[in-house]
Amino acid sequence: NEIVQQLMAFQDPNKAPIKAFYEPMTNINYMSTLSFDRHPAVRRFWFETLAYWLLRVPDKVDHEPYIFPYLLAGLCDDNEDIAL
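Conventions used here
- Residues numbered from 1 in each chain as written.
- Predicted model: local features only at pLDDT ≥ 70, side-chain atom pairs only at ≥ 80, totals over all residues.
- Heavy atoms only, no water.
- Helix = DSSP H or I, 4+ residues; strand = E, 2+ residues; numbered from the N terminus.
- Rg over C-alpha atoms; globule rule 2.2 N^0.38 Å.
- Buried < 20%, exposed > 50% of the residue type's maximum accessible area, 1.4 Å probe, protein only.
- Axes fitted to C-alpha atoms, helices over the stretch in contact; angles between N-to-C directions.
- Parallel < 35°, antiparallel > 145°, perpendicular 65-115°, else oblique.
- Left-handed = near helix turned anticlockwise from the far one by under 90°.
- Contact = heavy atoms within 4.5 Å.
- Nonpolar A, V, L, I, M, F, W, Y, C, P; charged D, E, K, R; others polar.
- Core = buried A, V, L, I, M, F, W, Y, C linked by side-chain atoms within 4.5 Å.
- Salt bridge = Lys/Arg side-chain N within 4 Å of Asp/Glu carboxyl O.

What's the story with the overall build of the protein in this structure? I'm lost.
Secondary structure summary: the protein contains 6 helices and 0 strands in total. Secondary structure elements of the protein occur, N-terminal to C-terminal, as α-α-α-α-α-α. Taken over the C-alpha trace, the protein has a radius of gyration of 15 Å; the compact-globule value for 84 residues is 12 Å, which it surpasses by more than 25%. In terms of overall dimensions, the protein has C-alpha extents of about 45 × 30 × 15 Å along its principal axes. A total of 84 residues make up the protein; the buried ones form 23% of that total.

Here it is as structure tokens:
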């Protein structure tokens, strides 16, 4: 569960690192970056990976709220081969 949260740059609003008060912090949402990559092959493989996670990961109920928005973005992809 923590890996998925790290990939999407999730941070609990009640737990801010002390460093964030003194220095600017940048978190990169890798799930979004891969969902909107400019290469169709990367996007297709990424959406296949998300679908695999939802089908095969044992505790998928914990991951569904994080994964589904990105998977739904894949259904609206500009490339028709990916959107199917």
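From this point, the discussion proceeds with the structure in view.
I tried to follow the packing of helix α4 (residues 40-56) against helix α5 (residues 60-75) on my own but got confused; where do I start?
Any two packed helices are characterised by the angle at which their axes cross and by the distance between the axes. Look at α4 against α5: their axes get within 9 Å of each other, and the N-to-C directions meet at 150 degrees. Classified by the angle between their axes, α4 and α5 sit roughly antiparallel to one another. When you trace α4 past α5, the crossing you get is left-handed. Residues F47, L50, A51, W53, L54 and L55 of α4 form the contact with α5, whose participating residues are K60, E64, I67, F68, Y70, L71, A73 and G74. Looking at the contact of α4 with α5 residue by residue, the class counts come to 11 nonpolar, 1 polar and 2 charged.

Whenever I open this one, the nonpolar core confuses me. Can you help?
Core analysis: the biggest nonpolar cluster contains 12 residues, these being V4, M8, M31, W46, F47, L50, L54, Y66, I67, Y70, L71 and I82. Contributions of two or more residues to this core are made by α4 and α5. Every residue in contact with L54, bar those within four places of it in the chain, is listed here: K60, E64, I67, F68 and L71.

Would you take a moment to explain the pattern of salt bridges for this structure?
When the charged atoms of two side chains lie near each other, side chains of opposite charge can form a pair. Under the counting rule described, the total for this entry stands at 2 salt bridges. D77 is the salt-bridge partner of R43, the closest N and O atoms lying 2.8 Å from each other. Of the two residues, R43 sits in helix α4 while D77 sits in the loop between α5 and α6 (80-83), which places them 34 residues apart along the sequence. Since its relative accessible area comes to 10%, R43 is described here as buried. The buried category is assigned to D77, whose relative accessible area is 14%. With its nearest N and O atoms 3.3 Å apart, the salt bridge here joins E48 to R44. Residue E48 and its partner R44 are both found in helix α4; the two are separated by 4 residues, about one turn of the helix. In this structure R44 comes out as partly exposed when scored by relative accessible area, which is 38%.

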